[in-house]
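What follows is each chain in one-letter form.
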Amino acid sequence: LYRVSAAGGEPTALTSGKWEVQDAQLSPDGSTWYLSTNRENPFEVHFYTLPAMGGALTEVTTAVGRQDVSVSPDGKWLAISHSVANHPPELYVAEDKPGAAMRKVTESTTPEFRSYNWIKPEIVMIPAGDGVARRDGSHAGIRPRASGPG
């Protein structure tokens, strides 16, 4: 993420690293960036805040999986669409504070779906032909389970 003066000039990096900013929104008062990034790994998306002029990133959501976040107009609450590899997205709410507990609002699956013992797939990086495992997830797969009789 870069900042450039409206008058022009050189861009200033606000973030750096081998990860992507997938969404960036400026808070209504202009003091804070709300960011969705895959900073931890390419298979999870977390919500962060960053001072508008740059500084330290603060991780707000910490649950395993993907969190797509909308901030309430007053900036105090988050609506979070949270999903993991073996369960579809559900809606949660939480205070806009680092590590705040998420309260589940929806249950989109059926009792039959929930009764099944879904595996938690292990996602692994697969080295490309040059021997390098790509950080962007373009060479990734799910490790197969050992198969047994039946």
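All values reported here derive from a predicted model rather than from experimental measurement.

(A) Molecular detail of the packing of aromatic side chains. Scanning all chains against the criterion turns up 3 aromatic pairs. Three or more aromatic residues link up through ring pairs in this structure, and these residues are F113, Y116 and W118.

(B) Quick peek at the side chain of S36. Mapped onto the secondary structure, S36 falls in strand 4 (residues 32–37). Leave out the neighbours within four places in its chain, and S36 touches E20, V21, Q22, D23, V45, H46 and F47.

(C) Just the confidence of the model for the protein chain, in detail. With 87% of its residues at a pLDDT of at least 70, the protein chain reaches an overall mean of 88. Per-residue pLDDT, averaged within each element of the protein chain, yields its smallest value for strand 12 (residues 140–142) (67) and its largest for strand 10 (residues 103–104) (97).

(D) Region of interest: the nonpolar core. Ranked by size, the top nonpolar core spans 8 residues in total: Y34, F47, V60, V69, L78, I80, Y92 and A94. Elements supplying a minimum of two residues to this core: strand 8 (77–84) and strand 9 (87–95). With near-sequence residues (within four places) excluded, L78 lies in contact with F47, V60, V69, S70, V71, Y92, V93, A94, E95 and D96.

Rules of the game
- Residues numbered from 1 in each chain as written.
- Predicted model: local features only at pLDDT ≥ 70, side-chain atom pairs only at ≥ 80, totals over all residues.
- Heavy atoms only, no water.
- Phe/Tyr/Trp six-rings, centres within 6.5 Å; stacked < 30°, edge-to-face > 60°.
- Helix = DSSP H or I, 4+ residues; strand = E, 2+ residues; numbered from the N terminus.
- Contact = heavy atoms within 4.5 Å.
- pLDDT = per-residue confidence, 0-100.
- Core = buried A, V, L, I, M, F, W, Y, C linked by side-chain atoms within 4.5 Å.
- Buried < 20%, exposed > 50% of the residue type's maximum accessible area, 1.4 Å probe, protein only.

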